[in-house]
Amino acid sequence: MTITAPDFKKAPAPAGKRRGGGVIGNTGLYVATGIAALLFLIPFYLIVRNALMTDREITGENWKWFPTDIQWGNVTEPFDDVTVDFAHAMWNSVVVAVLHTSGILLVCSLAGYGLARIPYRHANKVFYAVLVTLMVPTAVTFVPSFVLVSSLGWVDSYQGLIVPGLFSGFTCFLFRQYFLGFPKELEEAARVDGLGYWGAYWRVVVPNSLNFFAAIATITFINGWNAFLWPLVIGQDPSAWTVQVALSSYMTNQTVNYHLIFMATAISILPLLLVFLFLQRWLVQGIAQTGIKG
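As the structure is a prediction and not an experimental result, all values here were calculated from the model.

Chemist: I'd like a description of the overall build of the protein, backed by residues and values.
Modeler: Across its full length, the protein holds 15 helices and zero strands. Residue burial in the protein is summarised as follows: out of 294 residues, 34% are buried. Put simply, of all contacts in the protein between residues at least 6 apart along the chain, 74% involve residues at least 24 apart. Accessible surface, the protein: about 18500 Å² in total, of which carbon and sulfur atoms supply 68%.

Chemist: Lay out the packing of helix α8 (residues 169-180) against helix α11 (residues 210-226) with the relevant residues and their values.
Modeler: Helix packing for two helices is described by the angle between their axes and how far apart those axes are. In contact at an axis separation of 12 Å, α8 and α11 are set at 165 degrees when each is read in the N-to-C sense. Here α8 is positioned roughly antiparallel relative to α11, judged by the angle of their axes. Where α8 crosses over α11, the handedness of that crossing is right-handed. Residue-level inspection shows Thr 171, Leu 174, Phe 175, Tyr 178 and Phe 179 of α8 in contact with α11, the latter providing Phe 212, Phe 213 and Ile 216. Residue classes in the contact of α8 with α11 are distributed as seven nonpolar, one polar and no charged.

Chemist: Describe the nonpolar core, naming the residues involved and giving the relevant values.
Modeler: Counting 21 residues, the largest nonpolar core has Phe 86, Met 90, Trp 225 and Tyr 250 as the members making the most contacts within it. Broken down by secondary-structure element, the contributors of at least two residues to this core are α4 (86-117), α11, α13 (243-248) and α14 (258-268). Looking at this core, the element that brings in the most residues is α14, giving five residues. Discounting chain neighbours no more than four positions away, the residues touching Phe 86 are Pro 78, Phe 79, Val 243, Ala 246, Leu 247, Tyr 250, Ala 264 and Ile 267. In terms of nonpolar packing, the next biggest core, distinct from the first, is built from 19 residues, Leu 105, Cys 108, Tyr 201 and Val 204 among them.

Chemist: Can you lay out the packing of aromatic side chains for me, pointing to particular residues and giving the numbers?
Modeler: One pass over the structure, following the stated rule, counts 17 aromatic pairs. Their ring planes at 20 degrees and their centres at 6.1 Å tell us that Phe 127 and Phe 173 sit as a pair that is stacked. Taken together, the residues Phe 127 in helix α5 (residues 123-133) and Phe 173 in helix α8 connect sequence positions 46 residues apart. A residue is classified by how much of its surface remains accessible, and Phe 173, at 26% relative accessible area, is partly exposed. Here Phe 175 and Phe 212 contribute two aromatic rings whose centre-to-centre distance is 5.4 Å and whose plane-to-plane angle is 80 degrees, an arrangement assigned as edge-to-face. Here Phe 175, found in helix α8, pairs with Phe 212, found in helix α11; they are 37 residues apart in sequence, far enough to count as distant. Of the two residues, Phe 175 and Phe 212, neither departs from the other in class, the shared state being buried.

Chemist: Help me get a handle on the packing of α4 against α8, residues and values and all.
Modeler: Contact geometry for α4 and α8: axes closest at 7 Å, N-to-C directions at 50 degrees. Taken as axis vectors, α4 and α8 run oblique relative to one another. With respect to the hand of their crossing, α4 and α8 are arranged in right-handed fashion. Counting all contacts with α4, which are made through Ile 104, Leu 105, Cys 108, Ser 109, Ala 111, Gly 112, Tyr 113, Leu 115, Ala 116 and Arg 117, the residues of α8 involved are Thr 171, Cys 172, Phe 175, Arg 176, Phe 179 and Leu 180. Looking at side-chain class alone, the contact of α4 with α8 contains eleven nonpolar, three polar and two charged residues.

Chemist: Could you give an account of the state of the cysteines, with specific residues and numbers?
Modeler: Under the counting rule described, the total for this entry stands at zero disulfides. Lacking any disulfide linkage, Cys 108 is separated from the closest cysteine sulfur, that of Cys 172, by 5.9 Å. For Cys 108, a relative accessible area of 0% corresponds to the buried category.

Chemist: Outline the side chain of Ser 109, listing residues and values.
Modeler: By the element assignment, Ser 109 lies in helix α4. Residue Ser 109 is classed as buried on the basis of its relative accessible area, which comes to 0%.

Chemist: Describe the environment of Asn 74, listing the residues and the values that go with them.
Modeler: Within the secondary structure layout, Asn 74 lies in the loop between α2 (55-58) and α3 (77-80). Here the alpha-carbon distance between Asn 74 and Leu 52, two residues 22 residues apart in the chain, equals 6.5 Å. Among all residues touching Asn 74, those that are not within four sequence positions of it are Ala 51, Leu 52, Met 53, His 259 and Met 263.

Chemist: Give a detailed account of the side chain of His 100, specifying residues and quantitative values.
Modeler: Within the secondary structure, His 100 is located in helix α4. Taking relative accessible area as the criterion, His 100 reaches 15% and is therefore assigned buried.

Chemist: Help me get a handle on unusual backbone geometry, residues and values and all.
Modeler: Backbone phi values are negative for most residues with the exception of glycine, while trans is the configuration of most peptide bonds. One non-glycine residue, Asp 156, adopts positive backbone phi at about 60 degrees. With respect to the helices, strands and loops of the structure, Asp 156 is situated in the loop between α6 (138-151) and α7 (158-162).

Chemist: So what's going on with the confidence of the model for the protein? Which residues, and what values?
Modeler: Model confidence for the protein is summarised by a mean pLDDT of 80, while 87% of its residues fall at 70 or above. In the predicted structure, residues 15-21 sits below a pLDDT of 50 and forms two contacts with residues beyond four places in sequence or in another chain. Below pLDDT 50 for its whole length, residues 289-294 participates in twelve contacts with residues either more than four positions away or in separate chains.

Reading guide: rules and limits
Residues numbered from 1 in each chain as written. Predicted model: local features only at pLDDT ≥ 70, side-chain atom pairs only at ≥ 80, totals over all residues. Heavy atoms only, no water. Helix = DSSP H or I, 4+ residues; strand = E, 2+ residues; numbered from the N terminus. Buried < 20%, exposed > 50% of the residue type's maximum accessible area, 1.4 Å probe, protein only. Contact = heavy atoms within 4.5 Å. Areas by Shrake-Rupley, 256 points an atom, 1.4 Å probe, with all protein chains shown as cover. Axes fitted to C-alpha atoms, helices over the stretch in contact; angles between N-to-C directions. Parallel < 35°, antiparallel > 145°, perpendicular 65-115°, else oblique. Left-handed = near helix turned anticlockwise from the far one by under 90°. Nonpolar A, V, L, I, M, F, W, Y, C, P; charged D, E, K, R; others polar. Core = buried A, V, L, I, M, F, W, Y, C linked by side-chain atoms within 4.5 Å. Phe/Tyr/Trp six-rings, centres within 6.5 Å; stacked < 30°, edge-to-face > 60°. Disulfide = S-S within 2.5 Å. pLDDT = per-residue confidence, 0-100.

Pasting the structure below:
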């Protein structure tokens, strides 16, 4: 004899009521999402539009939605400019952003994990000291940081661009709060297998926290790519310029090359779009979930 469990599913609502409420709610959601997406895409449209125009059309009195004659030659103009090595500046930004992101993930995740999991009587004091650093304005530490980097001979070098930013108190705080919510049962099972804190971190915690790591990596990479003031001060030689410093060189007191600025800007944001498209799945999961595999 086969016994089947009774079906306790809730009876469906009347068709007319369900369709009416659902259609109105979904329509409003789609309209709001469409408006938000349109507003978000307007800057990208302006960048691409102006990048493929001439300076005369950009600054003309009559607004044009699209270029009269698309200037495809503008695409290679940033790389043909002999005054600014734009390709090398792009490479510098890639190196700085990738190493900066990797360093932040390693240093801050280890610090956050230590504060969250390793028993130490002064752990709270160290954590409060990290929080205090968040209250110190960046302008206060800017000059001492430059003096230290200069005394080490790191001006116009990758070390000077990367090392001072390898720790972030806010990122450390985020990792600590995340690891406090990480299931201890997984780490205890790892210790039963003979792993210590270091082994549990690398073999259990990190593989099950990739979503959260991806979310932090995306934000950190964008910040590292868009950094301007510190690379401007440290990269005094054109060979050490990042892409943001190179973009600023197209605007001088005498001339402003509009189409060149917009084309270089369009090219400079392509790596950010690629990183976002590659990490968006993990980014969304890292925000919506705890990062633990099911």
